[in-house]
Amino acid sequence: CSSDLDQISPLMKQQNIGMIVIDSIMQLLQNTYPVDSNLDNLAERQLHLRRTMRRLRLMARLHNLIVIYTNHIREERFDISLDLNQSISEELADQSTDQSTDQSVDDDIKTVIKLLKRMVVNQIPMGGLTLAHSSDVRIFLTQQIDERNQSVNKYMAIVENCSYLPKMSTQYII
């Protein structure tokens, strides 16, 4: 990866290159430095990643170009040992006797549980904080699934962790 960047650098001015796009920046490093359960190559891989990101940032500043890279995320889930559905249902069942209210209460419980499940998932970029802190702008792309027919009908782009832009999102269609 770094040798490729060394080869590209002299060509920047000659070829008038204005953008570098790297598809899946972590894939090459994961293949070069496989990490087993003992995390043997992790430190070496992160060091290589930090050097590569530093070199890309320097090239971007020196040659006035944009560097775009794609990456994957992994989800870290937190365990909640509390059975929320049963606890909330019992609490509200004691307070309510009307059947129409019971249905709306059940719907409310399901909504609250969905929201709580989203809160206990932490999305971490592959490459960890080394990659996350090396970026000036991070844009998170996600699919929105239509619940009626379980098809992808819209996509969402969310700008995250940018010092000069507010956190915002927009929908787009491919």
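Our structure's up above, just so we're on the same page.
What comes next is a walk through the structure.

1. Describing the environment of Ile-20
Here comes step 1: The topology assignment puts Ile-20 in strand 1 (residues 19-22).
Here comes step 2: Between the alpha carbons of Ile-20 and Ala-60 there is a distance of 8.9 Å; along the sequence they are 40 residues apart.
Here comes step 3: The residues contacting Ile-20, other than those within four sequence positions of it, are Met-12, Met-59, Leu-65, Ile-66, Val-67 and Ile-68.

2. Description of the sheet that holds strand 5 (residues 138-146)
Here comes step 1: With antiparallel pairing, 3 strands are arranged side by side in an open sheet as 5-6-7. On the outer flanks of this sheet lie strand 5 and strand 7 (168-172), each paired with one strand and no other. Strand-to-strand twist of the sheet, defined as the mean angle between neighbouring strand axes without regard to direction, takes the value 25°.
Here comes step 2: Sheet topology note: the strand 6 (residues 151-160)/strand 7 ladder contains 5 bridges and is antiparallel. Bridged to Ala-157 within strand 7 is Thr-170.

3. A closer look at helix 3 (residues 25-32)
Here comes step 1: Along helix 3, the residues classified as buried are Ile-25, Met-26 and Leu-29. The arc that holds every buried residue of helix 3, seen down its axis, measures 75°, which confines them to one face.
Here comes step 2: Against the buried residues of helix 3 lie strand 1, helix 4 (42-63), strand 2 (66-69) and helix 7 (128-132).

4. Quick notes on the nonpolar core
Here comes step 1: Among the nonpolar cores identified, the biggest contains 15 residues, and Ile-20, Ile-25, Met-26, Leu-49, Met-53, Leu-56 and Leu-131 are the most heavily contacted of them.
Here comes step 2: Elements with a contribution of two residues or more to this core: strand 1, helix 3 and helix 4.
Here comes step 3: For this core, the leading source of residues is helix 4, giving 5 residues.

5. Looking at the pairing of strand 6
Here comes step 1: The pairing of strand 5 with strand 6 spans 9 bridges and is classified as antiparallel. Looking across to strand 6, one finds that Thr-142 is bridged to Met-156.
Here comes step 2: Between strand 5 and strand 6, which pair antiparallel and follow one another directly, the connecting turn spans 4 residues, one of which, Gln-150, has a positive phi of 55°.

The rules behind these values
- Residues numbered from 1 in each chain as written.
- Predicted model: local features only at pLDDT ≥ 70, side-chain atom pairs only at ≥ 80, totals over all residues.
- Heavy atoms only, no water.
- Helix = DSSP H or I, 4+ residues; strand = E, 2+ residues; numbered from the N terminus.
- Contact = heavy atoms within 4.5 Å.
- Pairing = 2+ DSSP bridges.
- Axes fitted to C-alpha atoms, helices over the stretch in contact; angles between N-to-C directions.
- Buried < 20%, exposed > 50% of the residue type's maximum accessible area, 1.4 Å probe, protein only.
- Arc of directions from axis to C-beta.
- Core = buried A, V, L, I, M, F, W, Y, C linked by side-chain atoms within 4.5 Å.

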